[in-house]
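Summary of the model geometry
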Amino acid sequence: MDRERSPIRGAVKPRERAHPTPLTYVKVGTTLAVVTVVEVGVFYLHAMRPVIIPVFIVLSAVKFVLVAMFYMHLKFDSRLFSGLFVGGLMLATAIILALLALFAVFTG
Amino acid sequence: MQQTWVGGHQVPHPETATGLDHRKVLMWVFLGSECMFFGSLIATYLVYAGRSVVGPFPKEILDIPVTSVSTFVLLTSSLMMVLALAAISRGDVRGFRVWLLATALMGATFLGFQVFEFNHFVHQGLTPRTNLFGTTFFTLTGFHGAHVTVGVVWLLSLVGLSFRKGHVTQENSLKVELAGLYWHFVDIVWIVIFTLVYLIGVTTG
Amino acid sequence: MATIVQALRRPTSYTGWWSWVTTVDHKRIGILYGATAIIFLLLGGLEALIMRIQLARPDQTVVSPEVFNQLFTMHGTTMIFLAIMPLNAALFNFLVPLMIGAGDVAFPRLNAFSYWAFLGGGIILNLSWLLGGAPNAGWFGYANLTGTAFNPGHGIDWWVLGLQVLGIASLASAFNFIVTIINMRAPGMTLMRMPVFAWMTLVTSFIMIFAFPVITVALVELMFDRFLGTNFFVPSAGGDPLLWQHLFWIFGHPEVYILVLPPMGIISEVLPTFSRKPLFGYPVVVFSGIAIGFMGFGVWSHHMFTVGLGPVANSVFAITTMAIAIPTGVKIFNWIATMWGGSLNTKTALLFAVGFIFTFMMGGISGVMHSMASSDYQQQDTYFVVAHIHYVLFGGSLLALFAGAYYWFPKITGRLLHEGLGRLHFWLTIVALNVTFFPMHFLGLDGMPRRIYTYDPSMGWDLWNMVATIGAFMLAVSVLVFVFNLVTSLRRGERAGNDPWDGRTLEWTVPSPPPAHNFDTIPVVRSRDAFWEEKHRRAIAPVAGGSGRMDPGEEGGYRPGHDPRHSTIHMPSPSYLPVVVALGIVLAAYGLVYHLALAAVGGAIAVAGLYGWYMEPASEPEDTGQ
């Protein structure tokens, strides 16, 4: 929560800033397209095989973060929204990882 | 009076303790909850990956080139969505309709790809009953497809509503922003599914 | 279809039974939740009594093994989902908007929908008795007992569908309360000035939105296995029944905190009021609650120590489970310290609160015993666990809910519950509770397994089973005393006035029962325990208008006429649509079992209702109804 409180209402001033311009949106869109092309390229590149899983995870994380920050405006909107979303996301990730460990997916 | 930024424009809305609109807080709480929903489905898929007793297996049947195209279509639809929001925030209703219709069409195209894919798999002998891969694959991607379907209906309803006076305007562009948040969420879920189920799935199993 | 729904005239009546169907008033919805939950509580209690009769002596044949399975399944499911959760929800609904100084919840129609969906889920579960047999695989529904191969009837179908509908209701309600508490606090009501009950509502709602999706997915998977022939929990196809256990307990353990955190909030309200002291260590109590909610997601496998997860996993979950006892213990010390040196007003509500601390702590201690994996090997699936969960849920949740009932009944109805009957109720309950459940520890340590329908006389379990059955009948009497008290006090109870207990929080500033719009002027909050401060600071340095009512605030809270947009108190209008949507969902659930055409009709009704809902304004412009 933000610290700027109006003394009477106890209200928090929204820390939302103006959302990006269409140009920014198009730039982000282009980046997303490029990353997808890179992913498919990596898929067919045999030299990448040993590190392919981390590479895919990083590339898709980049796409995920770009969409969430720019298209879903988390970079500009109240931090409360980021908290609500990232909270759910972290918990889900933790539980997926815990289940994979419990079912010995990592250790075989 | 509290002001907030919606889609680039300062618009007034009822006072709340945080200055944020109820509906937008609700949407984010909902999306946080949806993370757990898809998280559980993905966990099931991953736990069962490679445990099918009989084929077809992912490597034999998943088609990376075709799915890359449908992934690209869904990603691009997200760009159309933000452009629609930018248009309505400027008060450009006509532009808003064009971009939103494009978004919905791309969503429908993605669904078309999915119907094609499901149909193809069934012909190849993979149904939800065939093996664990079929069970988990159809459930996970099917729920994602159902979310896309809801999104397409929502977007088309907004296009329809924009022809009724006062329903979709610069002042209540929040309606569009909320649909957009949902749409982008469905998109990022697909980013995860495409990576885990298709790219990594075919590479490893 | 949608136009038909829209063509229905908006309900306008605020009186008569029909107005209860269309109401969106959080207080009326709270009363509906409470009344319905008490009926389900009695049903669940009846199921328990039949089981206790069957087990009173060895080799009894009061019920068949099959019916016994249905009884324990329905007893657990009913008490958790249809009694304690909705009793909590009743208090959330009635109190939270009043406590935070709001006119209603953020989404009044969604709130009404939550209630109707809850009722629908309860009906789906309970009608199963008449539709070919109730579910019979336990409240945890372990795979693959629930598979069609072993469970061909419809019982499990009703269980799956009932829980799904209840899940929708809980999620809708949790979304609503999160937004309400974040966004609708009165001016000056910062988070750290909120009553602890409102805090625990917030934490519980967050647990719900993160835990319920997991059970939704697990139930969907089970449903697909049963209806579509998928292989999620079919071992011959590689499916792993353990996955069900994991998913179930990832939901199921946080669910325990969903049941017990709101009662902790009740205790944190009752003790300060009846000790005439502020809550000891308010921030610590709040943060302990948050910590419990958070850690609750990391302990689930302690329900599965004996399935063979291996020493590493068992150790990890043993440690996290022991760790969660710390914030719980911290709360107990804070409650005791709250009473320490206070001037105790030993009304029934306080008696129940103290009883809660005592019996809940006993349940907590046997819980820590389970957390040691090696010791749990001995206790798993015995009556020791049954004793533990009843100390936590009856001795914990339910006693706190009784405390809450005595505390807030006057606010809800305008009349006090009878104090003498209350004391009788308390003493009967506290004795009967221990007579019933304490012997179960002995039975468990003697090796009596849970969920058996009878036992051999040579086992040596006769005595304590008979004692437990006698205790159960005493409990039944105590609950009847409570219900009698409710019914008679409703008509003949002493008039309460605004503030019968010298309360501390905002709900006591308004008349009992509160008017539909809650506050004539939205209060301005300047401290924690705002009303108490207002009353007692004013008493020292009197200020004009400070006679036991919250000051509307010179600096400009909402005041009629002060802000043109708030020139009248604008109430949300009643609506048919929540009940229409809930009805559609329930019909769809029946359709999934009987005929897909019915499911389609139900789905269409729900979609049409949602569409009408989206198009219907939350309050009619011309309707400023009171």
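Nothing here was measured: the structure is a model prediction, and the numbers come from that model.

Below, the discussion takes up the overall build of chain A. Check the secondary structure of chain A and you find three helices and zero strands. Each helix and strand of chain A, placed in order from N terminus to C terminus, yields the pattern α-α-α. Taken over 108 residues, chain A has a buried fraction of 46%. Across chain A, contacts joining residues at least 24 apart in sequence account for 52% of those joining residues at least 6 apart. Carbon and sulfur atoms make up 74% of the accessible area of chain A, which amounts to about 5,500 Å² in all.

This paragraph deals with the packing of helix H4 (residues 65-99) of chain C against helix H8 (residues 241-275) of chain C. Residues and elements named next belong to chain C. Two elements in contact, H4 and H8, have axes separated by 11 Å at closest approach and are oriented at 45°. Taken together, H4 and H8 sit at an angle that is classed as oblique. Every pair of crossing elements has a handedness; the one defined by H4 and H8 is left-handed. Across the interface between the two elements, Ile 80, Phe 81, Ile 84, Met 85, Asn 88, Leu 91, Phe 92 and Met 99 from H4 touch Phe 251, Glu 255, Ile 258, Leu 259, Pro 262, Pro 263, Ile 266 and Glu 269 from H8. Considering only residue class, the contact of H4 with H8 consists of 13 nonpolar, one polar and two charged.

Let us look at empty space enclosed by the protein. All names here are of chain C. Tallying each qualifying case throughout the model produces five cavities of 30 Å³ or more. Space inside the largest cavity adds up to approximately 150 Å³. Taken together, 16 residues form the lining of the largest cavity, with Tyr 33, Met 85, Pro 86, Ala 89 and Ser 170 sitting closest to its centre. For the lining of the largest cavity, the secondary-structure elements that each account for two or more residues are H4, helix H6 (155-183), helix H7 (196-227) and H8.

Our next topic: a nonpolar patch on the surface. Residue and element names in this part refer to chain C. A surface patch of nonpolar side chains, about 460 Å² in accessible area, is lined by Met 322, Met 361, Ile 365, Val 368, Met 369 and Met 372. Here the nonpolar patch gets four residues from one element, more than from any other, and that element is helix H11 (residues 348-371). Locating Met 322 in the fold gives a position in helix H10 (residues 311-339). Since its relative accessible area comes to 34%, Met 322 is described here as partly exposed.

Below, the discussion takes up the packing of aromatic side chains. One pass over the full model with this rule turns up 68 aromatic pairs over all chains. When the centroid spacing of 6.2 Å and the interplanar angle of 45° are considered together, the rings of C:Phe232 and C:Phe233 count as tilted. C:Phe232 gets classed as buried once you look at its relative accessible area, which sits at 1%. Take C:Phe233: its relative accessible area is 4%, and that puts it in the buried class. Just above the ring of B:Phe163 sits the side chain of B:Arg97; from NZ or CZ to the centre is 3.9 Å. Over the ring of C:Trp532 we find C:Arg504; its NZ or CZ atom is 4.3 Å from the centre of that ring.

Here we come to the pattern of salt bridges. A complete count under the given rule lists 15 salt bridges over all chains for this structure. Across the pair C:Asp240 and B:Arg51 runs a salt bridge whose closest N-O atoms are separated by 3.4 Å. Remark: B:Arg51 occurs in the loop between helix H1 (22-48) and helix H2 (58-61) and C:Asp240 occurs in the loop between H7 and H8; the pair is interchain, linking two chains. Accessibility expressed as a relative area gives 17% for C:Asp240, which makes it buried. Several salt bridges converge on common partners, so that one network encompasses A:Asp77, B:Lys24 and B:Glu177.

Residue and element names in this part refer to chain A. Domain boundaries assigned for chain A yield domain 1 (15-75) and domain 2 (78-108). Distance between the C-alpha centres of domain 1 and domain 2: 20 Å. Across the boundary between the two partners, domain 1 contributes four residues, which contact six residues of domain 2. Buried area between domain 1 and domain 2, summed over both chains or domains, comes out near 560 Å², and the portion from carbon and sulfur atoms is 67%. On inspection of domain 1 and its partner domain 2, the count reaches zero salt bridges.

Next up on the list: the nonpolar core. All names here are of chain C. By size, the foremost hydrophobic cluster in this structure holds 296 residues, and its most contacted members are Phe 81 and Trp 244. For this core, the leading source of residues is H7, giving 22 residues. Trp 244 has contacts with Phe 140, Gly 141, Tyr 142, Ala 143, Trp 159, Ala 218, Leu 219, Leu 222 and Phe 233, leaving out every residue within four places of it along the chain.

Conventions used here
Residues numbered from 1 in each chain as written. Chains lettered and ligands numbered in written order. Predicted model: local features only at pLDDT ≥ 70, side-chain atom pairs only at ≥ 80, totals over all residues. Heavy atoms only, no water. Helix = DSSP H or I, 4+ residues; strand = E, 2+ residues; numbered from the N terminus. Buried < 20%, exposed > 50% of the residue type's maximum accessible area, 1.4 Å probe, protein only. Contact = heavy atoms within 4.5 Å. Areas by Shrake-Rupley, 256 points an atom, 1.4 Å probe, with all protein chains shown as cover. Axes fitted to C-alpha atoms, helices over the stretch in contact; angles between N-to-C directions. Parallel < 35°, antiparallel > 145°, perpendicular 65-115°, else oblique. Left-handed = near helix turned anticlockwise from the far one by under 90°. Nonpolar A, V, L, I, M, F, W, Y, C, P; charged D, E, K, R; others polar. 1 Å grid on protein atoms, 1.4 Å probe; cavity = no way out; pocket = protein on both sides within 12 Å on 5 of 7 lines; lining within 4 Å. Points joined across faces, edges and corners; volume = space filled by probe spheres on them. Patch = residues over 30% accessible without salt bridge, like charges linked within 9 Å, V, L, I, M, F, W, Y side chains within 5 Å. Salt bridge = Lys/Arg side-chain N within 4 Å of Asp/Glu carboxyl O. Phe/Tyr/Trp six-rings, centres within 6.5 Å; stacked < 30°, edge-to-face > 60°. Lys NZ or Arg CZ within 6 Å of the ring centre and 35° of its normal. Domains from an automatic or database assignment. Buried area = accessible area lost by both parts, 1.4 Å probe. Core = buried A, V, L, I, M, F, W, Y, C linked by side-chain atoms within 4.5 Å.

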